[in-house]
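Secondary and tertiary structure notes
Take a look at the letters that make up each chain.
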Amino acid sequence: MFRSIYASGTAMLTQERRLDVISNNIANANTTGFKEDEMISRSFRDELISRLDETTMVNKVREVGPYNHGIHVDQVVTDFRGGTPISTDNYTDAAIEGDGFFVFNTPQGERYSRNGVFRVTNDGVLVNQDDFPLQGENGDITVGAGSFTINRVGEIYNNEGELIDRIRLVSFDDNSLLRKEGNNLYYNTDANMQESTASIRQGYIEASNVDGVTAMVEMIKTYRNYETNQRVIQSVDAIAAKTVELGRV
C-alpha cells in the first residue's frame, strides 16, 4: 500500500520538475536565439524481493517479484535546432545560419550565444544586451560611431569600405556538453571547440525554437499526470484510514 504512495510521490516530484522546464520554455518563446529544454525521466533500478526462511518450503527461498522505487529526473537536455530568421532591418542585428555561436567576453571568461541583438556603446564597441563585448579575430570589436556592414562570412566594414574585423564564430563537437548560464549564454564544460563555417545575415535575428502550442499541450498533459498521482495518494490514504478503523473494531 505504502509502496503506491512512494511511487506516486516520486512521480509528482518529477512532473513538478517537468512543469518548471516547460514553463521556462514558454516564458522564452519570444527570446532571440533561445533553445528549448527537455526533461528526461527514468525509473529507479528494480530490486528483486525474495521470501526467506519459509519453514514449509524445502528451498526456503522464494522469489516474490521485482520492486521499483518510482521515477526520478535523469537529465535536462537542450534542443539546439536552429530557429527561424526574422528580418529586423536593424544593421546592428545579426543571425547565424548553420552550426555556430557568437563569442562574448564576460567577467567569467568566454561565453557563447545565438542571440545576435547587438548595440554600439559610446566608445564604439559592439556589445550584446548585457554589455558584453562581441569577439572578433582581434578581440573586442570596435566599430566606431558610424554605420557598418557585415558580409556573409562575418567581415565587418565601416561606411568607407574599410575592413574593421571579422566576427568570431565557433562550433563544438558535442553541443550537449554546453551548459546554460542565464541571459541566453552558454559555457563550455568539456566539448572540443573550433572555428565555425556558418554564415551570418545582417539585419536579422534568430527566433526561439520553442513551439508555443506544443509546449502548452505538454504542460496540460504534465499537469494532468501530476493530478492523477495526487489522487492515487489520496485514495491510498483513505484506504489506510479505513484499515485503521477496522483494526480498532
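Our subject is the structure that appears above.
Here is a short report on the structure shown in this document. Since the structure is predicted, the reported quantities are computational estimates derived from the model, not experimental observations. All residue numbers refer to positions counted from 1 along the written sequence of the respective chain. Selection of residues for local features in this predicted model requires a pLDDT of at least 70, selection of side-chain atom pairs for listing and counting requires 80 or more, and totals for whole chains, interfaces and linings are taken over all residues. Hydrogens and water are ignored here; the side-chain numbers use all heavy atoms of the structure.

**With respect to unusual backbone geometry**
We apply this condition: Exposure categories follow from relative accessible area, calculated using a 1.4 Å probe and restricted to protein chains: below 20% of the type maximum is buried, above 50% is exposed, and the middle band is partly exposed. Numbering of helices and strands starts at the N terminus; helices are DSSP runs of H or I of at least 4 residues and strands are runs of E of at least 2.
One non-glycine residue with positive phi stands out, namely Asp-89, at about 60 degrees. The exposure class of Asp-89 is exposed, given its relative accessible area of 73%. Positive phi outside glycine occurs at Asp-131, with the angle close to 65 degrees. Among the secondary structure elements, Asp-131 is positioned in the loop between strand E10 (126-127) and strand E11 (135-136).

**What to know about the pairing of strand E16 (residues 169-172)**
Our working rule: Whether two strands pair comes down to DSSP finding at least two bridges between them.
Along E16, one buried face is formed by Leu-169 and Ser-171 and the opposite face, lined by Val-170 and Phe-172, is buried too. Across two bridges, the pairing between strand E7 (residues 101-106) and E16 is antiparallel. Of the residues in E16, the one forming a bridge with Phe-102 is Leu-169. Where E16 meets strand E19 (residues 193-195), three bridges bridge the pair, whose relative direction is antiparallel. Of the residues in E19, the one forming a bridge with Phe-172 is Met-193.

**Remarks on the packing of aromatic side chains**
To keep things clear, this is the line we draw: A pair of Phe, Tyr and Trp rings is counted when the ring centres sit within 6.5 Å of each other, with Trp represented by its six-membered ring. The angle between the planes then sorts it: under 30 degrees is stacked, over 60 is edge-to-face, the rest tilted. Only when the NZ atom of a Lys or the CZ atom of an Arg is both within 6 Å of the ring centre and within 35 degrees of the ring normal do we say a charge sits over the ring.
Tallied over the full model, the rule gives eight aromatic pairs. Their ring planes at 70 degrees and their centres at 5.9 Å tell us that Phe-101 and Tyr-186 sit as a pair that is edge-to-face. One end of the pair, Phe-101, is in strand E7; the other, Tyr-186, is in strand E18 (residues 185-188), and 85 residues separate them in sequence. Take Phe-101 and Tyr-186: they sit in the same class, and that class is buried. The structure contains a cluster of three or more aromatic residues connected by ring pairs, namely Phe-80, Phe-101, Tyr-112, Phe-172 and Tyr-186. Here Arg-201 stacks its cationic end above the ring of Tyr-204, 3.9 Å away from the centre of that ring.

**Brief notes about the nonpolar core**
Note the cut-off: Side-chain atoms within 4.5 Å are what join buried Ala, Val, Leu, Ile, Met, Phe, Trp, Tyr and Cys residues into a set we call a nonpolar core.
Of all hydrophobic cores here, the largest spans 18 residues; its most connected members are Phe-102, Leu-134, Ile-156 and Ile-167. Sorting the residues of this core by element identifies strand E6 (94-97), E7 and strand E13 (148-150) as the ones contributing at least two each. Ranked by size, the runner-up nonpolar core spans eight residues in total, among them Val-103, Tyr-112, Phe-172 and Ala-191.

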